Amino acid sequence: MPFENNDDYFKGRGAQVNTHNKFLKNKYVTDHIEGIDEILYENTSTQVIEEFPKSIVSISNSPDLAFSHSINPYRGCEHGCLYCYARNSHEYWGFSAGLDFERKIIVKRNAAELLEKFFNKPGYKPEPIMLSGNTDCYQPLERKLKITRSLLEVFLKYKHPVSIISKNNLILRDIDILTELSKLQLVHVNVTITSLNESLRQKLEPRTVTAKSKLMVINKLASGNIPVRVMMGPVIPGLNSDEIPALIQAAANEGAMGAIFTLIRLNGAIGEIFTDWIHKAYPDRAEKVLNLIASCHDGKLNDSRWGNRMRGDGKVAESIHQLFRISVNRFLKGRSLPPLELRHFVPAAGRQEKLF
C-alpha cells in the first residue's frame with residue numbers, strides 16, 4: 001500500500017524501521033507480537049545528546065574522496081534522507097541506523113575550540129577542510145546551536161580554506177562570513193539537490209527544504225560571488241536518474257559553477273532501510289529500482305569496492321555517467337570553481353619565517 005494511505009507510516013521521517021545494530025548482542029523481533037508489552041516503533045521527538053570529543057578534524061585516506069580532512073559538528077541528521085551513507089556510523093554509538101539516526105542527534109559544542117587547537121599545532125600546514133563530510137552541518141539543530149557558524153568564524157580568523165556541502169537554506173544565515181572567506185578564495189559551497197520532483201523529495205528526504213529553495217540558495221550565493229556548484233546526490237536509477245539534464249540546467253540558470261554526482265549505494269543497514277521504504281512508497285516499481293541499483297554494483301545492493309562504490313559500473317551506470325557528462329558540457333561548459341588558497345593561513349603565533 002502506498003504510504004499516503006498508510007496510517008502506520010511515520011510522516012516527517014525517512015526510515016520507517018529501526019534496523020538491528022550489528023554491534024549489539026540482543027535485538028527485538030516481532031515473531032510473537034502478542035508477547036511484546038511496549039511500543040517498538042513510535043515517532044518520538046528529537047533527542048539531543050552531548051559529545052565532548054578531544055579532536056574535531058577527521059583525516060581519511062580514502063581514494064574515493066576529493067578531500068582528506070573533514071569536520072562533522074553533528075552525528076545523526078534530522079533531514080531523514082533514506083539513502084544517507086552516514087546512517088551506518090550511528091551504530092558505533094549503540095543506536096540504530098534507522099529511526100534513531102534521525103531523532104538521536106549527537107552534538108559537539110566545543111568544535112570551534114578544538115579547531116583552533118588543531119590550527120595551532122606545531123608544524124601544521126593548511127589543507128582544505130570539508131564541513132559535512134558525513135552529516136549536514138546545517139541541519140535543523142544548527143539554527144539554535146550555531147556550532148557551524150562558530151567554526152566558520154574560526155576559519156575566517158585563521159584565513160583557512162573550507163569547503164561546505166549542505167542541502168539546507170540555513171546556510172544563507174552565514175552569508176556574511178562566507179562573503180569574507182570568498183574575497184580571499186577560501187571557500188567552496190556544494191548545494192545538494194536530489195530531485196526537482198517535490199513529491200519524490202518529500203518521500204526521499206522529508207525534512208529538507210524544497211528544490212526551489214535549494215536553487216534559491218545557489219542563486220543567492222552566486223550573486224554574492226561565493227563559488228557554488230550543485231551536487232546531485234545520489235542518483236537513483238529508476239527514481240531520479242531521468243532528471244539529470246533538467247536539474248543541471250536549473251542549477252546552471254541560477255549561477256552554479258559546476259556539478260558533481262554520486263551513484264546510490266546501499267551499504268550495511270541502509271539496504272534494509274531503503275528496501276523497506278521503497279516497497280511502501282513505490283510498490284509498483286520497487287523491484288525494478290532495486291534491480292537497477294544492483295546492476296550498478298556487481299549484482300548487489302551492498303558495494304564497498306574502492307573506486308566503484310560511489311561511481312558504480314555496468315551498462316546502467318555507464319549510461320548515467322554519459323548523460324551527466326553531456327548535461328554538464330551543455331549547460332556548464334567553461335565554468336569551474338576557482339582553486340582554494342592556502343597562502344593566507346596564519347596561526348595564532350604568527351607565520352614562521354625561513355632563516356635562509
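Up top is the structure.
Residues numbered from 1 in each chain as written. Predicted model: local features only at pLDDT ≥ 70, side-chain atom pairs only at ≥ 80, totals over all residues. Heavy atoms only, no water.

Another aspect to go through is the pattern of salt bridges. Using the criterion set out here, one finds 20 salt bridges in the structure. With a closest N to O distance of 3.7 Å, Glu-78 and Arg-207 form a salt bridge. Of this pair, Glu-78 sits in the loop between strand E4 (74-75) and helix H1 (99-103) while Arg-207 sits in the loop between helix H6 (198-204) and helix H7 (211-223); the two residues are 129 residues apart in sequence, bridging distant segments of the chain. The closest approach of N and O atoms between Arg-87 and Glu-102, which form a salt bridge, is 2.7 Å. With Arg-87 in the loop between E4 and H1 and Glu-102 in helix H1, this residue pair connects regions lying 15 residues apart in the sequence. As far as the burial class goes, Arg-87 and Glu-102 line up, both buried. Within this structure, Glu-142, Arg-149, Glu-153, Arg-173, Asp-174 and Asp-176 form a network of salt bridges that share partners. (Salt bridge = Lys/Arg side-chain N within 4 Å of Asp/Glu carboxyl O. Helix = DSSP H or I, 4+ residues; strand = E, 2+ residues; numbered from the N terminus. Buried < 20%, exposed > 50% of the residue type's maximum accessible area, 1.4 Å probe, protein only.)

Reading across from one edge, E2-E3-E6-E7-E8-E9-E10 is the order of the 7 strands in this open sheet, with mixed pairing throughout. Lying at the two open borders of the sheet, with one neighbouring strand each, are strand E2 (57-59) and strand E10 (259-263). Between one strand axis and the next, the sheet turns through 25 degrees on average, direction left out of account. As judged from the 3 bridges shared by E2 and strand E3 (residues 69-71), these two strands associate in the antiparallel manner. Residue Val-57 lies in a different strand from E3, and its bridge partner there is Ile-71. The sheet strands contacting helix H4 (residues 147-158) are E3, strand E6 (129-131) and strand E7 (162-166), and the helix crosses E6 at an angle near 160 degrees. Relative to E10, helix H11 (residues 315-331) is tilted by about 170 degrees, and along the sheet it contacts strand E9 (228-235) and E10. (Pairing = 2+ DSSP bridges. Axes fitted to C-alpha atoms, helices over the stretch in contact; angles between N-to-C directions. Contact = heavy atoms within 4.5 Å.)

The subject of this paragraph is the nonpolar core. Counting residues in each nonpolar core, the largest one holds 65 residues, and the members touching the most others are Leu-115, Phe-119, Leu-152, Phe-155 and Ile-164. For Phe-119, the residues in contact, after removing those within four places along its chain, are Tyr-124, Ile-129, Val-154, Phe-155, Tyr-158, His-160, Phe-345 and Pro-347. Counting 26 residues, the second-largest nonpolar core is a separate cluster that includes Cys-77, Phe-101, Ile-264 and Phe-274. (Core = buried A, V, L, I, M, F, W, Y, C linked by side-chain atoms within 4.5 Å.)

What follows concerns the pairing of strand E8 (residues 187-192). Within E8, 6 of the 6 residues are buried, leaving the element largely enclosed by the surrounding structure. Residues of E8 alternate between two faces, with Val-187, Val-189 and Val-191 on one and His-188, Asn-190 and Thr-192 on the opposite face, all of them buried. For E7 and E8, the ladder comprises 5 bridges, and the chain directions are parallel. Bridging across to E8, Val-162 finds its partner in Val-187. Pairing between E8 and E9: 4 bridges, direction parallel.

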